[in-house]
Amino acid sequence: MNKSNAAQIIQAKDEEENEKIWRTRRSAFAAVTKLRPNVVTEDVVVPRSKIVALTKGIQKICAEHNIIVCIMGHAGDGNIHPNFALDLLNEEEKKNFEIVKDKLFSLALSLGGSLSGEHGIGCEKKKYLNQALDPVALEYMGKIKKLFDPYNIINPDKMF
């Protein structure tokens, strides 16, 4: 490990090296699909100084709940993508994964992060918004939605 806490830092010197790095990243997801029938990718972001704590925390949480995880992302902006390999038809794995997700999002928030770095907040993460945002902010988001959509026809009942 170097003083940045990274095992290795690779910076492309030219376009060919850049493509090689991206090809490796794209291949990583395919490799995870070989581990279990399903792969669920999540997206959280933390300050760069907290990436090590996040990845160690994710590994610990997954070990406690017997869920396989492969962690990748773009560390330069703190955006981490845990890829969970599991069998969604296995009720115990599915239940354990729900616990893992709850703990993942709580961990990211406790480290000063957010529920999403790039993929946004959708229906799956809706239940975590009250942990991530101030109640007044949520209230005003609902008011803004109502102002622009008074008849609730745009994504009805999805978020607010």
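Residue indices begin from 1 for each chain and proceed along its sequence in written order. For a predicted model such as this one, the threshold for reporting local features is a pLDDT of at least 70, and the threshold for listing and counting side-chain atom pairs is 80 or more; totals across whole chains, interfaces and linings nevertheless cover every residue. Hydrogens are left out, water is left out, and the side-chain values use all remaining heavy atoms of the structure.

**Student:** Where do I start with the overall build of the protein in this structure?
**Tutor:** Helices and strands together make up the secondary structure of the protein, namely five helices and four strands. The C-alpha extent of the protein, read off along each of the three principal axes, is 50 × 40 × 30 Å. Burial classification: accessible surface area is computed with a 1.4 Å probe over protein chains only, and a residue below 20% of its type maximum counts as buried, one above 50% as exposed, and the rest as partly exposed. Looking at the 160 residues of the protein, the share that counts as buried comes to 29%. Pairs of residues are marked as contacts when any of their non-hydrogen atoms sit within 4.5 Å. Restricting the contact set of the protein to residue pairs at least 6 apart, pairs at least 24 apart contribute 64%. Helix and strand definitions follow DSSP, with helices as H or I runs of at least four residues and strands as E runs of at least two, each counted in order from the N terminus.

**Student:** Is there a simple way to explain helix α5 (residues 135–148) in this structure?
**Tutor:** For an α-helix, the turn length of 3.6 residues means that residues three or four places apart are oriented alike. With 14 residues, α5 should cover 20 Å at 1.5 Å per step; its first-to-last C-alpha distance of 20 Å lies within 8% of that length. Polar contacts, as counted here, are pairs of nitrogen or oxygen atoms within 3.5 Å of one another; within protein the pair requires one atom able to donate a hydrogen and one able to accept it, and residues that are adjacent in sequence qualify only if both atoms are side-chain atoms. Between the side-chain oxygen of the N-cap and the backbone nitrogen of Val136 there are 2.7 Å, and the N-cap of α5 in question is Asp134. Under the convention used throughout, the expected extent of a helix is 1.5 Å for every residue step, that is, one less than its residue count.

**Student:** Hey, could you run me through the nonpolar core in this one?
**Tutor:** Judged by nonpolar contacts, the single largest core of 24 residues is most densely connected at Val44, Leu54, Ile58, Cys62 and Phe84. Of all the secondary structure elements, the ones that give two or more residues to this core are α2 (51–64), β4 (79–86) and α3 (91–110). For this core, the leading source of residues is α3, giving seven residues. The residues contacting Cys62, other than those within four sequence positions of it, are Ile67, Val69, Phe84 and Val100. To form a nonpolar core, buried Ala, Val, Leu, Ile, Met, Phe, Trp, Tyr and Cys residues must be joined to one another through side-chain atoms within 4.5 Å.

**Student:** Just to check I follow, could you spell out unusual backbone geometry for this structure?
**Tutor:** Phi is mostly negative for residues that are not glycine, and the peptide bonds are mostly trans. The phi dihedral of Asn152 is positive, around 55°, even though this residue is not glycine. For Asn155, which is not a glycine, the phi torsion comes out positive at approximately 45°. Tracing the backbone through its elements, the reader meets Asn155 in the segment after α5.

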